[in-house]
Amino acid sequence: MSEALGRIRQFLTTHAPAMPCLVIDVDDVVARFGEFRAHFPTARACYAVKANPAPAIVRALAEAGAEFDVASPAEIDLCLREGAAPRSLSYGNPIKKATDIAYAYDRGVREFVTDSAGDIDNLAAHAPGAQVTVRLSVDAPASVTPFGRKFGCGPELAVDLLQRAERSGLDAAGLAFHVGSQQLDRSAWDIAIGTAAKVFAELTTLDLRRLNLGGGFGVSYAGEAPDLEQYASTVHHSLDAHFPGHTPEIVFEPGRILTAEAGLIRTEVVLVKPGDPRWVYLDIGRYNGLAETENEYIAYRIETVERHPETDGPVILAGPTCDGDDVLYQHTPYRLPSDLKAGERLDILSAGAYTASYSSVSFNGIAPLRTYCLVDGKLADEL
Ligand SMILES: *Cc1c(COP(=O)(O)O)cnc(C)c1O
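Residues numbered from 1 in each chain as written. Predicted model: local features only at pLDDT ≥ 70, side-chain atom pairs only at ≥ 80, totals over all residues. Heavy atoms only, no water.

Considerations on the overall build of the protein
Going by this rule: The way it works is that DSSP assigns letters per residue, a run of H or I at least four long becomes a helix, a run of E at least two long becomes a strand, and they are numbered from the N terminus. Atoms counted for the radius of gyration: C-alpha only. Globule rule: 2.2 Å times residue count to the power 0.38. Note on areas: Shrake-Rupley, 1.4 Å probe, and residue coverage restricted to the protein chains presented here. Positive charges are assigned to Lys and Arg, negative charges to Asp and Glu, while His and the chain termini are left out of the count. Throughout, a charge is located at the NZ atom of Lys, the CZ atom of Arg, the CG atom of Asp or the CD atom of Glu.
A count of helical and extended segments in the protein gives 10 helices and 17 strands. Rg of the C-alpha trace for the protein: 22 Å, near the compact-globule value of 21 Å for 383 residues, within the 12% margin. Each principal axis of the C-alpha distribution contributes one length, and for the protein these read about 70 × 40 × 40 Å. A total of about 16,100 Å² of accessible surface is found on the protein, and carbon and sulfur atoms cover 50% of it. One finds the centroid of the 34 positive side-chain charges in the protein at a distance of 3 Å from the centroid of its 52 negative side-chain charges.

In structure tokens form, the structure reads like this:
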């Protein structure tokens, strides 16, 4: 058990908060950020706020020297409130209103990611002179939670868009991509970096100097993910191969890898229905924190609390709401103790990313997932 997990379980024992709840060890997030920096010492690291926007996390990362990938005016306000400098924010969402751009620019944000002519025209009008990177779509293996075709453009359009940006008085700074979140296939980075290098080579008249590699680094849930060492070696190797002797400024936007393993959800069994397999209903489901179980994409590790049952058996796991889609796992094999009863507690591990931030406001009257942030092992923030 990691030290952070020990602190989290100690807090749960002494405070016995109402369930379900997420407990995040903020020091562990900062330690993971340090580890990330150590593997990419010359790169900029912008925390993707949407992974977990708890103010205590943003504050601690800002103090640790992180920059931030933001996607909306509210995320900008959050980062500024928690001590981030305006110039340390990168507006990474290519889908934004003209009013959102104006808001960001007014607050001092000068770095934007884009992937369309319409957005570039809005940037030229409302963020004059700002640095722009164009997001490439990635023609690479799908990740566990893929973006599909929603974002990015092909290399030909990227060339046009960068020229358009420059012509309209923006600073065409480079390219961006995101290989898909929880990307377990490291070849995705090589393919994307190779495509980016071709665009750089074609546009030597512009001052292209930045390559934003986004996030996508996986963590181990029920299955194993590559470790940071392996990801870093792939990325460095690809950068050397495709940009020999002249690596651009590298930016990352890590989200999941900084927060997932620093958090644990404690949940209570609401009901067990006998059968083969049994149906086990938890007090947390798709709508109050476990959105990433959609399509059973993310298979969390789930453990009983301090109990080693003699026998276990297969279960279907479902959430508490009156919605037929609120079923967590019916195809992924899960096993729980044969004598599992209502009221028993379970721990959902590596649950610090994309849980609280995905929780609905009050579907079926169920409150958003409560989050407890620990600093120095003590409660710093309760959300
Ligand atoms: C969500 C997101 C990230 C973070 O991705 P992870 O897979 O969690 O690391 C980074 N950049 C952008 C633009 C995103 O939308």
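With respect to the nonpolar core
Stated formally: The set of buried Ala, Val, Leu, Ile, Met, Phe, Trp, Tyr and Cys residues whose side-chain atoms join them within 4.5 Å is what this entry labels a nonpolar core. Buried residues are those whose accessible area, probed at 1.4 Å on protein chains only, stays under 20% of the maximum for their type, while exposed residues exceed 50% and partly exposed ones sit between those limits. Throughout, a residue-residue contact means that at least one pair of heavy atoms, one from each residue, lies within 4.5 Å.
With 103 residues, the main nonpolar core has Phe68, Leu175 and Leu317 as its most contacted residues. For Leu175, the residues in contact, after removing those within four places along its chain, are Thr133, Val134, Leu136, Ala158, Leu162, Ala196, Val199, Phe200, Arg210, Leu211 and Asn212. In this structure, Ile8, Leu349, Tyr372 and Leu374 belong to the second largest nonpolar core, which totals 10 residues.

Considerations on the UniProt feature "modified residue: N6-(pyridoxal phosphate)lysine" (unreviewed entry) in the protein
Note the following rule: UniProt positions are given in the numbering used here, feature names are shortened, and annotations may be inferred rather than shown by experiment.
According to UniProt, the feature "modified residue: N6-(pyridoxal phosphate)lysine" (unreviewed entry) maps to Lys50 in the numbering used here. For Lys50, the location among the structural elements is in the loop between strand E2 (44–48) and helix H3 (55–63). Given the relative accessible area of 39%, Lys50 is considered partly exposed. With near-sequence residues (within four places) excluded, Lys50 lies in contact with Glu75, Tyr354 and Ser357.

Some thoughts on the environment of Glu306
The residue Glu306 is located in the loop between strand E12 (302–304) and strand E13 (312–318) in this model. The spacing of Glu306 and Leu346 is 40 residues in sequence and 9.3 Å in space, taken between C-alpha atoms.

Digging into the pairing of strand E1 (residues 21–25)
Note the cut-off: By this definition, two strands are paired if DSSP reports at least two bridges between them.
Judged by how many residues are buried, E1 sits mostly within the fold: 5 of 5 residues are covered. Neither face of E1 is left uncovered, since the one carrying Cys21, Val23 and Asp25 and the one carrying Leu22 and Ile24 both have all their residues buried. Relative to strand E16 (residues 370–375), E1 runs parallel, the two being bridged by 5 bridges. What sits directly across from Ile24, in E16, is Cys373. As judged from the 4 bridges shared by E1 and strand E10 (residues 263–273), these two strands associate in the antiparallel manner.

Description of the site of the ligand
As a reminder, the rule being used: Nearness here has a simple test: a residue counts as near a molecule or strand if at least one of its heavy atoms is within 4 Å of that partner. Polar contact criterion, stated in full: a pair of N or O atoms within 3.5 Å, where within protein one must be able to donate a hydrogen and the other to accept it, and residues adjacent in sequence count only if both atoms are side-chain atoms. Using a grid of 1 Å spacing that covers the protein atoms alone, one calls a set of points a cavity when a 1.4 Å probe fits there but cannot get out, and a pocket when the set is open and has protein on both sides within 12 Å along at least five of seven lines; lining residues are those with an atom within 4 Å of a point. Cavity and pocket membership follows a simple rule, namely that a molecule belongs there if more than half of its atoms are within 2 Å of the grid points. Note that Gly is not counted as nonpolar here; it falls among the polar residues with everything else outside the nonpolar set of Ala, Val, Leu, Ile, Met, Phe, Trp, Tyr, Cys and Pro and the charged set of Asp, Glu, Lys and Arg.
Every one of the 13 residues lining the ligand counts as a neighbour, but Lys50, Ser181, Glu253, Arg256 and Tyr354 are closest to it. For the ligand, a nitrogen atom lies 2.5 Å from a polar atom in the side chain of Glu253. Note that an oxygen atom of the ligand is positioned 2.8 Å from one of the backbone N or O atoms of Arg256. Among the detected pockets, the ligand sits in the largest pocket. When its residues are assigned to classes, the shell around the ligand shows 3 nonpolar, 5 polar and 5 charged.

Focus: the side chain of Asp100
Defined as follows: The term salt bridge refers to a side-chain nitrogen of Lys or Arg lying within 4 Å of a carboxyl oxygen of Asp or Glu.
By the element assignment, Asp100 lies in helix H5 (residues 98–106). One buried charge, Asp100, has no salt-bridge partner; the nearest side chain with opposite charge is Lys97, at 5.8 Å. When residues no more than four places from it in sequence are discounted, the contact partners of Asp100 are Pro73 and Tyr91.

Describing the domain arrangement of the protein
We count it as follows: Where each domain starts and ends comes from a domain assignment, either automatic or drawn from a database.
Per the domain assignment, the segments of the protein are domain 1 (53–254) and domain 2 (261–382). Placing a centre on the C-alpha atoms of domain 1 and another on those of domain 2 gives a separation of 32 Å. Across the boundary between the two partners, domain 1 contributes 14 residues, which contact 12 residues of domain 2. Where domain 1 meets domain 2, there are 0 salt bridges.

Side note on the environment of Phe33
Mapped onto the elements, Phe33 comes out in helix H2 (residues 26–39). When the C-alpha positions of Phe33 and Gly319 are compared, they lie 32 Å apart, and in sequence the two are 286 residues distant. Those residues within four positions of Phe33 in sequence are excluded, and the remaining contacts are Ala45, Leu61, Ala64, Gly65, Ala66 and Leu258.

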